[in-house]
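Per-entry structural report
The lines below spell out each chain.
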Amino acid sequence: MSDERLARHSDAIIIGAGPCGLFAAFQLGVHGLTSQLVDALDRVGGQCIELYPDKPIYDIPACPAIGAAELVERLTMQAACFSPVYHMGQQVASLERTAQGEWLVTTDKGLVLQASVVVIATGGGSFTPKTPPNLGRLAEFEGGAVRYAVPDVQAHAGERIVIAGGGDSAVDWAMALCPVASEIVLVHQREELRAQKHSTARLQTLVEEGRVRRLTGRVIDLHGTAPSLEAVTVHGREGRVVVPADRLLVFFGFVMREGALARFGLDLCDGLVPVDTERFETSLPGVFAIGDIATYPGKLKLILSGFHEAALMAAAAARRCRPGESPSTEYSTSSPLFRERTQSELGGRSP
Ligand code: FAD
């Protein structure tokens, strides 16, 4: 295996950076275990961020009401003192056991990670971007000039970019790409955007300054010789408008797909992963499952349940990674590692 493909070894690999995966990174850290998280999306937060970032959540202990996006931000900060490593925009494609009893996780981008334990926190499945309906020649340009995510802003320097969509992702990326792109055109079917008010207001300022152009309609055709895009046709209020473009970024939201679990060799029950309620271990030794993907009698698909599952899973993972050490209840305040990390400035590598 080449060195570029084999990322660093950690105690744990967490598949899925939703609320439960993030809290798992924290709990594993309290026990002194290092973790790497892999998520198919380009940002953390799972359902909270993709499906209801602005919705208040009322059933998180000690938070009478907290916005889903704020909860994710706080979970990320909490995990950061244990410096988890994030591999975003990568879907886990396979899980294999090494001869030494460790686990190898391979992503669809060819990244291979190795760890003693694996935590499956894939929730309802991986989110797959919704594609634009009835867009001519889409397949020719997809993955190249037409994309559904922005893993690297600088890669778009100097480009003429058309962004399709009217929600938070479309508006946020229009603003984030504005300083590097040579032109940004935001195409949305309706005059009214669906993004948060403050984002919409900031975008409007960019429109008034002539730094972002808005068109009301939908992209119906792509022009150029693949892989090079030259223009797109927008059909809408202004009739048919041909917009010169090097890149089309589509942000129409996501649909959930079951993902690659069926190929992992795990016992499954109706697409979910059965676990015991002592360790939250699956049918594969050293492979745990928590959050919405885990099932057991009485399971409640709530964030709170995933937090409890993460705590018991981390204790079991610690016993597995450090078999000689006697198991004990680790209070966050009595963990020397935790004290040391929280007393220094909150570090960690942000996703
Ligand atoms: P998810 O949030 O689903 O995250 C899973 C992550 O795994 C995703 O980011 C996905 O991209 C990633 N993933 C999946 N497969 C792969 C793969 N193969 N490779 C890489 N990454 C992968 N719960 C509450 O407790 N209170 C509420 O008020 C509440 N309100 C809700 C409102 C709505 C509209 C919805 C839809 C849900 C609500 N829930 C609520 C439920 C809550 O959101 C879920 O219980 C929670 O998100 C589960 O977290 P998770 O980390 O297990 O999974």
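Residues numbered from 1 in each chain as written. Predicted model: local features only at pLDDT ≥ 70, side-chain atom pairs only at ≥ 80, totals over all residues. Heavy atoms only, no water.

**Description of the overall build of the chain**
Counted only if it meets this: Helix numbering and strand numbering both begin at the N terminus, where a helix is a DSSP run of H or I of at least 4 residues and a strand a DSSP run of E of at least 2. Note on classification: 1.4 Å probe, protein chains only; a residue is buried when its accessible area is under 20% of the maximum for its type, exposed when over 50%, partly exposed between these limits. Note on definitions: a residue-residue contact is assigned when non-hydrogen atoms from the two residues lie within 4.5 Å. Per-residue accessibility takes into account occlusion by the displayed protein chains alone, with areas from the Shrake-Rupley method and a 1.4 Å probe.
From N to C terminus, the chain includes 8 helices and 20 strands. Considering only C-alpha atoms, the chain reaches an extent of 70 × 45 × 40 Å along its principal axes. Residues counted as buried form 50% of the 351 residues belonging to the chain. At a minimum sequence separation of 6, the contacts of the chain that also span at least 24 residues come to 61%. When the accessible surface of the chain is summed, it comes to about 16,600 Å², and 51% of that surface belongs to carbon and sulfur atoms.

**Topic: the confidence of the model for the chain**
Short version of the rule: The predictor rates its confidence in each residue with pLDDT, a number between 0 and 100.
In this model, the chain carries a mean pLDDT of 90, and residues with pLDDT of at least 70 account for 92%. Contacts of residues 345-350 to residues separated by more than four positions or lying in other chains number 11 contacts, the stretch itself having pLDDT below 50.

**Quick word on the packing of aromatic side chains**
How we decide: Aromatic contacts are taken between Phe, Tyr and Trp rings whose centres are within 6.5 Å, Trp giving its six-membered ring; a plane angle under 30 degrees counts as stacked, one over 60 as edge-to-face, and the others as tilted.
With the rule as written, the count across this model stands at 4 aromatic pairs. Taken together, a centroid distance of 4.7 Å and an interplanar angle of 45° make the contact between phenylalanine 23 and phenylalanine 307 tilted. Here phenylalanine 23, found in helix α1 (residues 19-30), pairs with phenylalanine 307, found in helix α7 (residues 303-321); they are 284 residues apart in sequence, far enough to count as distant. You'll find phenylalanine 23 and phenylalanine 307 in the same group, each marked buried. Judged by centre distance (5.6 Å) and plane angle (75°), the rings of phenylalanine 280 and tyrosine 296 are edge-to-face. With a gap of 16 residues between them, phenylalanine 280 in the loop between β18 (273-274) and β19 (287-289) and tyrosine 296 in the loop between β20 (294-295) and α7 connect regions that are remote in the sequence. The exposure classification of phenylalanine 280 matches that of tyrosine 296, with both residues buried. Among the aromatic side chains, those forming a connected cluster through ring pairs are Phe23, Phe26, Phe82 and Phe307.

**Structural notes on the pairing of strand β8 (residues 112-120)**
Convention followed: Here the rule is simple: two strands pair whenever DSSP picks up at least two bridges between them.
Within β8, 9 of the 9 residues are buried, leaving the element largely enclosed by the surrounding structure. Pairing of strand β1 (residues 10-15) with β8 involves 5 bridges; the strand directions are parallel. Residue pairing across strands places alanine 12 opposite valine 117, the latter belonging to β8. Two strands pair when backbone bridges link them, and strand β7 (residues 103-107) and β8 are joined in this way by 4 bridges, in the antiparallel orientation.

**Section: the domain arrangement of the chain**
Heads up, the condition is: Each domain's extent was defined by an automatic or database domain assignment. Take the accessible area each of two parts loses on contact, using a 1.4 Å probe, and add the two losses: that sum is the buried area. Within this document, salt bridges are pairs made up of a side-chain nitrogen of Lys or Arg and a carboxyl oxygen of Asp or Glu, the two lying within 4 Å of each other. Here the term charged refers only to Asp, Glu, Lys and Arg, the term nonpolar to Ala, Val, Leu, Ile, Met, Phe, Trp, Tyr, Cys and Pro, and the term polar to all other amino acids, Gly among them.
Taken domain by domain, the chain holds domain 1 (3-127 + 254-345) and domain 2 (131-250). Summarising the inter-unit geometry, the C-alpha centres of domain 1 and domain 2 are found 34 Å apart. Facing 4 residues of domain 1, the contacting portion of domain 2 comprises 6 residues. Of the roughly 370 Å² buried at the junction of domain 1 and domain 2 (both faces included), carbon and sulfur atoms supply 33%. Considering only the side of domain 1, the residues that lose the most area to domain 2 are Asp42, Arg43 and Asp54, jointly responsible for 82% of the buried surface there. Counting across the domain 1 and domain 2 interface gives 0 salt bridges. Tallied by class, the residues present in the side of domain 1 that touches domain 2 amount to 1 nonpolar, no polar and 3 charged.

**Brief notes about the site of the ligand**
Heads up, the rule is: Throughout this document, a residue counts as near a molecule or strand when at least one of its heavy atoms sits within 4 Å of that molecule or strand. By the criterion applied in these results, polar contacts are pairs of N or O atoms within 3.5 Å in which, for protein atoms, one can donate a hydrogen and the other can accept it, and in which residues neighboring in sequence qualify only through two side-chain atoms.
For the ligand, the set of nearby residues contains 32 residues, the closest of which are Asp39, Gln47, Tyr52, Val92 and Asp292. A distance of 3.1 Å separates a nitrogen atom of the ligand from a polar backbone atom of alanine 40. Take aspartate 59: an N or O atom from its side chain is 3.0 Å from a nitrogen atom of the ligand. The set of elements that each furnish at least two residues to the shell around the ligand consists of α1, β2 (35-39), α2 (46-50) and β9 (126-129).

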